[in-house]
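Here's the letter readout for the chains.
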Number of protein chains: 2
Amino acid sequence: MDTITIKDIANLCGVGVTTVSRAINNHPDISEDTKQMILQVIKENHYVPNNSARNLKRSASKTIAVLIKGITNPFFNRMLQVFEQETQKKKYSCILQRVDENQDEIDVAIELEKEKRLKGIVFLGGYFSHSKEKLDQLTIPFVLSTIGLTQEVDQDVYSWVSVDDFQESYKMTDYLCGLGHKKIAIISAGMDDESIGKLRYEGYRKALEHHGIKFNPNLVRCMKDDIESYSMENGYAVTRELLQSGEEFTALYAISDSLAVGACKAIFEAGKSVPEDYSVAGFDGLDISFYYNPSITTIRQPAEKIAKETIRILFDLIHKKTASEHRIFAAQLMARDSTKPLK
Amino acid sequence: MDTITIKDIANLCGVGVTTVSRAINNHPDISEDTKQMILQVIKENHYVPNNSARNLKRSASKTIAVLIKGITNPFFNRMLQVFEQETQKKKYSCILQRVDENQDEIDVAIELEKEKRLKGIVFLGGYFSHSKEKLDQLTIPFVLSTIGLTQEVDQDVYSWVSVDDFQESYKMTDYLCGLGHKKIAIISAGMDDESIGKLRYEGYRKALEHHGIKFNPNLVRCMKDDIESYSMENGYAVTRELLQSGEEFTALYAISDSLAVGACKAIFEAGKSVPEDYSVAGFDGLDISFYYNPSITTIRQPAEKIAKETIRILFDLIHKKTASEHRIFAAQLMARDSTKPLK
DNA sequence: TTGTAAGCGTTATCAC
DNA sequence: GTGATAACGCTTACAA
């Protein structure tokens, strides 16, 4: 016997397949005795139902999926746990699916929706710019979570929850200006970025403007393409170049904590110190920003809250309690040891 | 029309479903013209084949799966990329499946094997102690990658690749002893750990013994159960307690880099410094160990090599070129700024 | 309470 | 080259 099926179990038990199915799926219409008997035989024979067959037949499953772009991002770790927890509370199950950098998340979503008979989807990370036509192929509700929305998107179609990357980035830059810094370098995304990278960069620009600080393009340093984006290594490489360029600056704002960590390292290696020689700030509020030495001033995103609200909205969508919702959470500026007033 | 199927496409094209299937799957027995025509119709109608149906029917698929226990671990990130890369080279696809801390990875594997018609499996992380009977339900080859094997396991049944956690941990402890340290604290796993935690702890014990250093149980500090294991936060909490206990020590060996980072923070907060007051060492060779300030002395596991070799062995297993293989890679002691000779 | 049989959407087998 | 048609392993009306 190659692989054992529900039929085999039925035969072994001397019952019909329906009865076996009922035993497996906890259906009510079955006597406790036969159920136990069947379960016993199943266990003895190590029978495992084939999921493909189940999904194919089932019209609906209590399942949602979380599609993550950039699973590397430690920021998502905290959220993932909340997603699973909250989903379980609703008696649903939650499947995690990573999406490659160069994969189209909607394609993945469409495929998965059919394959798993999903009830809803969370898109996590990355950016979002898809034609309405494409979105229409997705027949189930979805929520965008911590996704940088740079273009005007249709409020009625999309639901999302995130922080205001532009505003929070403004806040950080404003803070640095408030400390007296005027030459503030930034490690940002490439100029072609259409996501949080762009928003954070624009917040920086805006704050400089409000403080009447002349914008210096030489202080804008983009992450390197050939190194993993938003990584410590990238921050390190970029900061080394900045330092070597001889361009003067007193503060360095990295648009992610990991970049900031790399930046600090480069500064130390140049024989300088943080914050005495350079103030350094990050973004996200990763654990490491607290544990680093010095602790890094950052914008702390309320990851748990965002995750919780994402699930809440998704289920409201599923249960048709809402048509679309948008929630922007305030993030918190954590002033720590890596920044200080300019003397 | 609710959801569009292969039949609909066949009707639309005025051909049989077989022909459509052939077009989708690049089968040879189809004229280029009809194929293009069908593909066109498919595109226009946004038809996406149902994976469940495919998997159900397909006898074999060129797919392997990587089951990860503890996806949080940044150490795995580097490996994951290699897994995908190498799999693609073989024209296979690779699916990632996280396994919950309290889930049985074999159960997940068995289910997935059937559902996806897998060709092979990589088990990543965690520990491994399953009955032969259970393993036998897995009919496809698998490789254990960076899994702590504490018990004697059947060499002929399992294939694995990892570092020698015992030996490498010995190496680190030996190094600290060589620096003149005699009071070496360790942050280790719980005493019930049966995985790398145990192995690394035992390497520590052995090295102390060889150096004729009397073992002091008060210097053994286990991670806290109520905090994520191997996390910075855990290292921080444990080290605070250690510091407050008043127990004297000159070096602290944490069995992971993240723990070491947390430990350093606790030391700084106590007004002490690293390595002047305490030498601190980690394990794994995460990026952060290099970028931290001070850079952290660690054991660098050759993650890429391990990952590559894992895939190589798995495919050799799949192609029956080998019955079982075992590969232990040497890890590298990276002596950095967080440790110094005892004066 | 239980069993029979009709699909679910594909792919594989075969005949044309 | 192409098209019926029978599986694949399961769930679910419907019948008993």
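An unreviewed UniProt entry annotates chain A as LacI family DNA-binding transcriptional regulator originating from Caproiciproducens galactitolivorans.

Draft legend 1. Just the overall build of chain A, in detail. Scanning chain A from terminus to terminus reveals 13 helices and 12 strands. For 343 residues, the compact-globule estimate of 2.2 N^0.38 gives 20 Å, and chain A exceeds it by more than 25% at 26 Å. Considering only C-alpha atoms, chain A reaches an extent of 85 × 40 × 30 Å along its principal axes. Looking at chain A as a whole, 54% of its 343 residues qualify as buried. Summing over all exposed atoms, chain A offers an accessible surface of approximately 15500 Å²; the carbon and sulfur share of this is 47%.

Draft legend 2. Local environment of the relation of the copies chain A and chain B. Screw-axis analysis of chain A against chain B gives a translation of 0.1 Å along the axis, an RMSD of 0.1 Å, and a rotation angle of 180°. What the superposition gives is, in effect, a two-fold axis relating one chain to the other. Residue S52 of chain A, judged by its C-alpha, is the member of chain A lying nearest the rotation axis, at 2.2 Å. Of the interface residues in chain A, 100% have counterparts in chain B that sit at the interface too, so the contact is made through matching surfaces.

Draft legend 3. Spatial organisation of the interface of chain A and chain B. Contacts between the two partners involve 40 residues from chain A and, on the opposite side, 40 residues from chain B. For the pair chain A and chain B, the two sides together bury roughly 3800 Å², of which 53% comes from carbon and sulfur. Three residues, K114, E115 and Y291 of chain A, lead the burial of chain A against chain B; their summed loss comes to 18% of the area buried on that side. Linking chain A with chain B are four salt bridges. The partner of R98 of chain B in a salt bridge is E84 of chain A, with the nearest N and O atoms 2.8 Å apart. At the surface where chain A touches chain B, the tally comes to 21 residue pairs in polar contact (both at pLDDT 80 or more). Breaking the side of chain A that touches chain B down by element, the ones donating at least two residues are helix 4 (51-57), helix 5 (74-89), strand 2 (93-99), helix 6 (105-116), helix 10 (232-245), helix 11 (257-269) and helix 12 (287-291) of chain A. Looking at the side of chain A that touches chain B residue by residue, the class counts come to 15 nonpolar, 12 polar and 13 charged.

Draft legend 4. Local environment of the protein's contact with DNA strand C. Residues in contact with DNA strand C amount to 27 residues; listed here are only the nearest, T18, T19, R22 and K57 of chain A together with Y47 of chain B. At 2.5 Å from a phosphate oxygen of DNA strand C is found a side-chain nitrogen or oxygen belonging to T19 of chain A. Between N25 of chain B and DNA strand C, the recorded distance is 3.0 Å, taken from a side-chain N or O atom to a phosphate oxygen. Secondary-structure elements contributing two or more residues to the surface near DNA strand C are helix 2 (17-24) and helix 4 of chain A together with helix 2 (17-24) and helix 4 (51-57) of chain B. Grouping the amino acids of the surface near DNA strand C by side-chain chemistry returns 10 nonpolar, 12 polar and five charged.

Draft legend 5. Examining the packing of aromatic side chains more closely. Residue and element names in this part refer to chain B. In the structure shown here, the tally under the stated rule is 25 aromatic pairs over all chains. Ring centres 4.8 Å apart and planes at 90° place the aromatic pair Y92 and F315 in the edge-to-face group. Taken together, the residues span a long stretch of sequence, with Y92 in the loop between helix 5 (74-89) and strand 2 (93-99) and F315 in helix 13 (residues 303-318) at a distance of 223 residues. Residue Y92 shares its accessibility class with F315, and that shared class is buried. Considering the side-chain rings of F142 and Y158, the 6.3 Å spacing of their centres and the 85° angle between planes classify their relative orientation as edge-to-face.

Draft legend 6. View of the protein's contact with DNA strand D. Close to DNA strand D lie 25 residues; I6 and Y47 of chain A together with T18, T19 and R22 of chain B are nearest. Across the atoms of DNA strand D situated within 4 Å of the protein, the share located in sugar and phosphate is 52%. Taking S21 of chain A, its side chain carries an N or O atom lying 3.0 Å from a phosphate oxygen of DNA strand D. Between DNA strand D and K57 of chain B, the relevant distance is 2.8 Å, taken from a base nitrogen to a side-chain nitrogen or oxygen of the residue. When contributions to the surface near DNA strand D are tallied by element, the ones reaching two or more residues are helix 2 and helix 4 of chain A together with helix 2 and helix 4 of chain B. Considering every element that reaches the surface near DNA strand D, the biggest residue donor is helix 2 of chain B, with four residues.

Draft legend 7. Region of interest: the sheet that holds strand 4 (residues 142-145) of chain B. Residues and elements named next belong to chain B. Taken in spatial order, the six strands line up as 2-1-3-4-5-11 in an open sheet, and their pairing is parallel. Where the open sheet ends on each side, the last strands, each with one partner, are strand 2 and strand 11 (326-329). Across the sheet, the mean angle separating the axes of adjacent strands is 15° when strand polarity is ignored. As paired elements, strand 4 and strand 5 (residues 160-163) share two bridges and run parallel to each other. Considered in strand 5, the bridge of S145 is made with V161.

Draft legend 8. Up close: the UniProt feature "domain: HTH lacI-type" (unreviewed entry) in chain A. Using the residue numbers shown here, the UniProt feature "domain: HTH lacI-type" (unreviewed entry) corresponds to residues 4-58 of chain A. Helix and strand shares over residues 4-58 of chain A are 65% and 0% respectively, and the end C-alpha atoms of the span are 20 Å apart.

Draft legend 9. Region of interest: the domain arrangement of chain A. Parsing chain A into structural domains produces domain 1 (6-44), domain 2 (53-164 + 303-329) and domain 3 (165-301). The C-alpha centroid of domain 2 of chain A is placed 36 Å from the C-alpha centroid of domain 1 of chain A.

Draft legend 10. Looking closely at the pattern of salt bridges. All chains considered together, the criterion is met by 38 salt bridges over all chains. R78 of chain A is paired through a salt bridge with E304 of chain A; the nearest N and O atoms lie 3.4 Å apart. In this pair, R78 of chain A is assigned in helix 5 and E304 of chain A in helix 13 (residues 303-318), connecting sequence segments 226 residues apart. Judged by its relative accessible area of 16%, R78 of chain A falls in the buried class. E309 of chain B serves as the salt-bridge partner of R312 of chain B, at 2.5 Å between the closest nitrogen and oxygen. Taken as a pair, R312 of chain B and E309 of chain B lie in helix 13 at a separation of three residues, close to a single helical turn. Given a relative accessible area of 29%, R312 of chain B falls into the partly exposed group. Assessed through its relative accessible area of 10%, E309 of chain B is described here as buried.

Draft legend 11. Region of the structure containing the sheet that holds strand 8 (residues 251-254) of chain A. All names here are of chain A. The strand order across the open sheet built from four strands is 7-6-8-9, with neighbouring strands paired in parallel fashion. If you trace the sheet from one side to the other, it starts and ends with strand 7 (220-222) and strand 9 (279-281), each paired once. Adjacent strand axes in the sheet meet at a mean angle of 15°, parallel and antiparallel pairs treated alike. Here strand 6 (residues 184-188) runs beside strand 8; their pairing, made up of four bridges, is parallel. When the sheet's bridge partners are listed, I184 is paired in strand 8 with A251.

Draft legend 12. Spotlight on the pairing of strand 3 (residues 120-124) of chain A. Burial within strand 3 of chain A is extensive, with five of its five residues counted as buried. Here strand 3 of chain A shows no split at all, with G120, V122 and L124 of chain A on one side and I121 and F123 of chain A on the other all buried.

Draft legend 13. The side chain of S52 of chain A, seen in detail. Here S52 of chain A shows up in helix 4. Judged by its relative accessible area of 1%, S52 of chain A is buried. Each residue touching S52 of chain A, except ones within four places of it in the same chain, is listed here: S52, N55, L56 and E115 of chain B.

Draft legend 14. Structural view of helix 1 (residues 6-13) of chain B. Residues and elements named next belong to chain B. Turning to helix 1, its buried residues are I9, A10 and C13. All buried residues of helix 1 lie within an arc of 100° about the axis, which places them on one face of the element. Those residues of helix 1 that are exposed and aimed more than 90 degrees away from the buried face are K7 and N11. Buried positions along helix 1 lie against helix 2 and helix 3 (32-44). Taken from the residues just after helix 1, G14 is the one with a positive phi, measuring 70°.

So, how was this worked out
Along each chain, the written sequence defines residue order, and numbers are assigned to residues from 1. Starting at A for chains and at 1 for ligands, labels are handed out in the order in which the entities are written. Local features in a predicted model are, by the rule used here, given only for residues with pLDDT of at least 70; side-chain atom pairs are given and counted only at 80 or more, and totals for whole chains, interfaces and linings are based on all residues. Based on all heavy atoms of the structure, the side-chain values leave hydrogens and waters out of the count. Comment: elements are numbered from the N terminus, with helices defined as DSSP H or I runs of at least four residues and strands as E runs of at least two. It is over C-alpha atoms that the radius of gyration is taken, and the globule rule equals 2.2 Å times the number of residues to the power 0.38. Burial here depends on accessible area, computed with a 1.4 Å probe over protein chains only, as a share of the maximum for the residue type. Under 20% is buried, over 50% is exposed, and the range in between is partly exposed. Areas reported as accessible are Shrake-Rupley estimates using a 1.4 Å probe. Residue values count occlusion only from the protein chains shown. Least squares is the method for superposing the copies, and the C-alpha atoms it fits come from residues with pLDDT of at least 70 in both. Note on contacts: a residue pair is in contact if any heavy atoms of the two residues lie within 4.5 Å. Buried area is calculated as the accessible area (1.4 Å probe) missing from two parts once they are joined, with the contributions of both summed. Take a side-chain nitrogen of Lys or Arg and a carboxyl oxygen of Asp or Glu: if they are within 4 Å of each other, that pair is a salt bridge. Each polar contact in these results corresponds to two N or O atoms within 3.5 Å; when the atoms are within protein, one needs to be able to donate a hydrogen and the other to accept it, and residues that are neighboring in sequence are counted only if both atoms are side-chain atoms. Note on residue classes: Ala, Val, Leu, Ile, Met, Phe, Trp, Tyr, Cys and Pro are nonpolar, Asp, Glu, Lys and Arg are charged, and everything else, Gly too, is polar. Whether a residue is near a molecule or strand depends on its heavy atoms: it is near if one of them lies within 4 Å of it. Here a Phe, Tyr or Trp ring, Trp counted by its six-membered ring, pairs with any other such ring whose centre lies within 6.5 Å, and the pair is stacked when the planes are under 30 degrees apart, edge-to-face when over 60, and tilted otherwise. DSSP calls a pair of strands paired once it identifies at least 2 bridges connecting them. Fitting a line to C-alpha atoms yields each axis, with helices limited to the stretch in contact; the angle taken between N-to-C directions then spans 0 to 180 degrees. UniProt positions are given in the numbering used here, feature names are shortened, and annotations may be inferred rather than shown by experiment. Either an automatic procedure or a domain database provided the assignment from which the domain bounds are taken. The directions from the helix axis to the C-beta atoms are what the arc is built from.

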